[in-house]
Amino acid sequence: MRLVLLGPPGAGKGTQARRLAERRGWAHISTGDMLREAVRKQTPAGQKAEPLLAAGQLVPDALVLELVAERLAEPDARGGFILDGYPRNPQQAEDLAALLRERGLGLDRVVLLRLEDEAIVRRMAGRRSCPECGAVYHLEFAPPRVPQRCDRCGAALVQREDDREEVVRRRLETYRQKTAPLIEHYRAQGLLVEVDASGEVDQVSQRIEQALATSA
Ligand SMILES: [Zn+2]
């Protein structure tokens, strides 16, 4: 299955995409992770993206498309994939449709995670990330086994710049302006499935599975 996970920053897209990908054996394609990796490695794309990410702004469509096209060409994406954080605006949705069409493919579903702004801000404030391996934790909902240490690699966890409240609020505004129009776009194509993203991670996972099962 080829899937897009849509929703505001902080709705749990990354966590849910990772879980769903693991259960189903699909590739989890996170443009956020790919961009942060490029920044960490200080590649040309990473150097261009760094100040934009720090300010909570969007990275140019062409740059992201390049990363996505390369990733979709890898073998593990052939059996199915979940796109997390892409597309983020109508142009990227067109880019993606064209990219898939070239390969004779299309999207099967677009899952929209719904969550109110105040719940998002509360959630983001507790997020901690591993600067080494990219694992994401939450002080309240998904704490690491040892406080402030990554379960996978033991590195000290950090609060990402883009999880700070003022940056979160800017990202929510950007989401409303640029990404929310995609909801109607995909609804009109009959691809949209809506899921309540409040509550525990497991509950949300179950709702996603149910929504995929009943919309098939
Ligand atoms: Zn780690």
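Parameters and conventions
Residues numbered from 1 in each chain as written. Predicted model: local features only at pLDDT ≥ 70, side-chain atom pairs only at ≥ 80, totals over all residues. Heavy atoms only, no water. Donors = N, O, S within 2.8 Å, 3.2 Å for Na, K, Ca; no water. Tetrahedral: all angles 85-135°; square planar, octahedral: opposite > 155°, others 65-115°. Buried < 20%, exposed > 50% of the residue type's maximum accessible area, 1.4 Å probe, protein only. Helix = DSSP H or I, 4+ residues; strand = E, 2+ residues; numbered from the N terminus. Lys, Arg positive; Asp, Glu negative; His and termini not counted. Salt bridge = Lys/Arg side-chain N within 4 Å of Asp/Glu carboxyl O. Polar contact = N/O pair within 3.5 Å; in protein donor to acceptor, adjacent residues only side chain to side chain. Contact = heavy atoms within 4.5 Å. Axes fitted to C-alpha atoms, helices over the stretch in contact; angles between N-to-C directions. Parallel < 35°, antiparallel > 145°, perpendicular 65-115°, else oblique. Left-handed = near helix turned anticlockwise from the far one by under 90°. Nonpolar A, V, L, I, M, F, W, Y, C, P; charged D, E, K, R; others polar.

## Points about the coordination of the zinc ion
So, step 1. Cys130 (SG), Cys133 (SG), Cys150 (SG) and Cys153 (SG) make up the full set of protein donors to the zinc ion, lying at 2.3 Å.
So, step 2. Coordination at the zinc ion comes from four donor atoms whose angles at the metal span 99 to 123°, giving a geometry best classed as tetrahedral.
So, step 3. For Cys150, a relative accessible area of 4% translates into the label buried.

## A look at the side chain of Arg123
So, step 1. Within the secondary structure, Arg123 is located in helix H6 (residues 117-125).
So, step 2. This buried residue, Arg123, is left without a salt bridge; Asp196 holds the nearest opposite charge, at 7.2 Å.
So, step 3. In this structure the side chain of Arg123 is engaged in a polar contact, spanning 3.2 Å, whose partner is the backbone oxygen of Ala11.
So, step 4. When residues no more than four places from it in sequence are discounted, the contact partners of Arg123 are Gly10, Ala11, Gly12, Leu115, His138, Phe141, Ala197, Ser198 and Gly199.

## Remarks on the environment of Ile183
So, step 1. You can see Ile183 is positioned in helix H8 (residues 181-188).
So, step 2. Classification of Ile183 as buried rests on a relative accessible area of 13%.
So, step 3. Counting along the chain gives 71 residues from Ile183 to Leu112, while the straight-line C-alpha distance between them is 7.7 Å.
So, step 4. When near neighbours in sequence (up to four residues on either side) are disregarded, Ile183 contacts Leu6, Leu112, Tyr175 and Leu192.

## Quick word on the packing of helix H4 (residues 61-72) against helix H5 (residues 90-102)
So, step 1. At a closest axis distance of 11 Å, the pairing of H4 and H5 adopts a crossing angle of 30°. Considered as vectors, H4 and H5 are oriented roughly parallel to each other. Viewed along their axes, H4 and H5 form a crossing whose handedness is right-handed. Between H4 and H5, the contacting residues are Asp61, Val64, Leu65, Val68, Ala69 and Leu72 on the first element and Gln91, Gln92, Asp95, Leu96, Leu99 and Leu100 on the second.
So, step 2. Here the contact of H4 with H5 is composed, by residue class, of eight nonpolar, two polar and two charged.

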